[in-house]
Amino acid sequence: MLLTLLSAVTMTALADVDNYYFQGYLGDKTAVTVIFDINAEGIAAGYIYYPKAKKPAPILIAGERSDEEATNDGTFWVYMREFQADGTVTGIIYMHIDEPREGEYTLKEGSWVNPKTEKELQMRRMEPNPGVYMPQWYPGCALTPADPGKIGVRYGYQQWNRNSQCMMGGGIDFKAAGKNKVHFDICNSPQNIAEGQSEAGRPAVLNGNTFDYLEVNECHYGFRAFFYDKFVVLRTIAGQDEMFGCFGMGTAFDGVYIKLKK
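All values reported here derive from a predicted model rather than from experimental measurement.

Basis of the calculations
Residues numbered from 1 in each chain as written. Predicted model: local features only at pLDDT ≥ 70, side-chain atom pairs only at ≥ 80, totals over all residues. Heavy atoms only, no water. Helix = DSSP H or I, 4+ residues; strand = E, 2+ residues; numbered from the N terminus. Buried < 20%, exposed > 50% of the residue type's maximum accessible area, 1.4 Å probe, protein only. Contact = heavy atoms within 4.5 Å. Areas by Shrake-Rupley, 256 points an atom, 1.4 Å probe, with all protein chains shown as cover. Core = buried A, V, L, I, M, F, W, Y, C linked by side-chain atoms within 4.5 Å. pLDDT = per-residue confidence, 0-100. Pairing = 2+ DSSP bridges. Axes fitted to C-alpha atoms, helices over the stretch in contact; angles between N-to-C directions. Phe/Tyr/Trp six-rings, centres within 6.5 Å; stacked < 30°, edge-to-face > 60°. Lys NZ or Arg CZ within 6 Å of the ring centre and 35° of its normal. Patch = residues over 30% accessible without salt bridge, like charges linked within 9 Å, V, L, I, M, F, W, Y side chains within 5 Å. Salt bridge = Lys/Arg side-chain N within 4 Å of Asp/Glu carboxyl O. Lys, Arg positive; Asp, Glu negative; His and termini not counted. Charge placed at Lys NZ, Arg CZ, Asp CG, Glu CD. 1 Å grid on protein atoms, 1.4 Å probe; cavity = no way out; pocket = protein on both sides within 12 Å on 5 of 7 lines; lining within 4 Å. Points joined across faces, edges and corners; volume = space filled by probe spheres on them. Nonpolar A, V, L, I, M, F, W, Y, C, P; charged D, E, K, R; others polar.

> So what's going on with the overall build of the chain? Which residues, and what values?
For the chain, the count of helices and strands is two helices and 17 strands. Looking at the 262 residues of the chain, the share that counts as buried comes to 48%. Sequence separation of 24 or more characterises 45% of the internal contacts of the chain that already satisfy a separation of 6 or more. Carbon together with sulfur atoms contributes 49% to the accessible area of the chain, which is approximately 14,100 Å² in total.

> Account for the nonpolar core, naming residues and giving values.
Phe36, Met95, Ile97, Phe211, Phe223, Phe227 and Phe231 are the most contacted members of the largest nonpolar core, which totals 74 residues. Considering every element that reaches this core, the biggest residue donor is strand S3 (residues 43-49), with six residues. Once residues within four sequence positions are removed from consideration, Phe227 is found in contact with Pro145, Ala146, Ile151, Tyr155, Phe174, Leu206, Asn209, Phe211 and Val232.

> Which residues make up the confidence of the model for the chain, and what values go with them?
Overall, the prediction assigns the chain a mean pLDDT of 89, with 89% of residues at 70 or greater. Here helix H1 (residues 2-15) stands out as the element of the chain with the lowest mean pLDDT, 39, in contrast to S3, whose mean of 98 is the highest. For residues 1-13, every residue scores under 50 in pLDDT, and the model assigns this stretch five contacts once sequence neighbours within four places are set aside.

> Mind laying out the sheet that holds strand S4 (residues 59-66), listing which residues take part and the relevant values?
The strand order S1-S2-S3-S4-S5-S6-S7-S8 describes a closed barrel built from eight strands, whose pairing is antiparallel. When strand polarity is set aside, the average angle formed by the axes of neighbouring strands in this sheet is 30°. Summarising the sheet, strand S6 (residues 89-101) and strand S7 (residues 104-113) pair through eight bridges and their orientation is antiparallel. What sits directly across from Ile93, in S7, is Trp112.

> Describe the packing of aromatic side chains, naming the residues involved and giving the relevant values.
Counted by the stated rule, this structure contains 23 aromatic pairs. Centre to centre, the rings of Tyr157 and Tyr257 are 5.4 Å apart; their planes meet at 80°, and the pair counts as edge-to-face. Taken as a pair, Tyr157 in strand S9 (residues 154-161) and Tyr257 in strand S17 (residues 255-261) lie far apart in primary sequence, 100 residues in all. Ring centres of Tyr228 and Phe231 lie 5.2 Å apart, and the angle between their planes is 35°; this geometry places the pair in the tilted category. By the burial criterion, Tyr228 is buried, and Phe231 matches it. The rings of Tyr155, Phe174, Phe184, Phe211, Tyr213, Tyr221, Phe223, Phe227, Phe247 and Phe253 are connected pair by pair, giving a single aromatic cluster. Positioned above the aromatic ring of Phe76, the side-chain terminus of Arg65 is 3.9 Å from the ring centre. Stacked on the ring of Trp160, the Lys or Arg Lys116 has its end atom at 4.6 Å from the ring centre.

> Go over a negative patch on the surface, please, and point to the residues and values.
A surface patch of like charges, here negative, comprises Asp16, Asp18, Glu41 and Glu102. Along the chain, the position of Asp16 falls in the loop between H1 and strand S1 (17-26). Asp16 sits in the partly exposed class, given a relative accessible area of 46%.

> Tell me what's going on with the environment of Lys116, and back it up with residues and numbers.
Here Lys116 shows up in the loop between S7 and strand S8 (120-128). Note: C-alpha distance between Lys116 and Gly91 (25 residues apart in sequence) is 8.9 Å.

> Describe the layout of surface pockets, and please don't skip the residues or the numbers.
For the largest pocket, the calculated volume is near 1,200 Å³. In this structure, the largest pocket is lined by 41 residues; those nearest its centre are Glu64, Arg81, Asp254, Gly255 and Val256. Breaking the lining of the largest pocket down by element, the ones donating at least two residues are S4, strand S5 (75-83), S6, S9, strand S16 (231-238), helix H2 (243-246) and S17. Among the elements that make up the lining of the largest pocket, the one with the highest residue count is S4 (five residues). Within the lining of the largest pocket, the residues separate by chemical class into 17 nonpolar, 14 polar and ten charged.

> Tell me about the pattern of salt bridges, residues and numbers included.
Tallied over the entire structure, the rule returns seven salt bridges. Note that Asp28 and Arg124 form a salt bridge whose closest N and O atoms lie 3.4 Å from each other. With Asp28 in the loop between S1 and strand S2 (30-39) and Arg124 in strand S8, this residue pair connects regions lying 96 residues apart in the sequence. The exposure class of Asp28 is exposed, given its relative accessible area of 56%. The shortest N-O distance in the salt bridge between Asp173 and Arg154 comes to 3.1 Å.

Here it is in structure tokens:
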């Protein structure tokens, strides 16, 4: 019965995503395929694939749709980062999509940026492929909700910081605290440092693949976690006005953290 219930929840969640599939080039020469989904929370995730690479393989991309820049004419921006298996960010992706009707879309403009060299390649001749069969290399929807009983132990990411001239990032450690309950210890330092942990005797309680945790530290910060098979997304949900008193300017828990240890 439990397996049936989990399967139904997963199928419902996957039905509530919009799929986008483009094939074209980065610059004039680098062939590329980008396939991703966006769910009701505005979380975007999928894979980028370079067919002419020495050892072609799908690379996870994850980020979000920017509702702040959405317009009434059906255009919106998607921002994603390209993650290696160890959480290293090797590319930053910007895509401006025009979707006048559901299931019909084109790419108005887009680019891929190397975070270390800042070299930018424009997306060119990116043809949409709505409603076609997925390629053989495609691993499946990256927004598959994680089973609450199989949350990873360690998540993290790292990205080159131009000002510091070194890799910076964040990490989360989770520890089981009972059925669908976890303790956490978070340190996120993309530039300044945001740190916090669950209180003793007050673990986070999962509702499906998410949890909310309020009153982190003494500054009343709160956040929401969304767990998927390969990563977790954290978002600030409370204490935004006090956030700068909690952490350094421009820093919170927000971001995508890759599952590093099951």
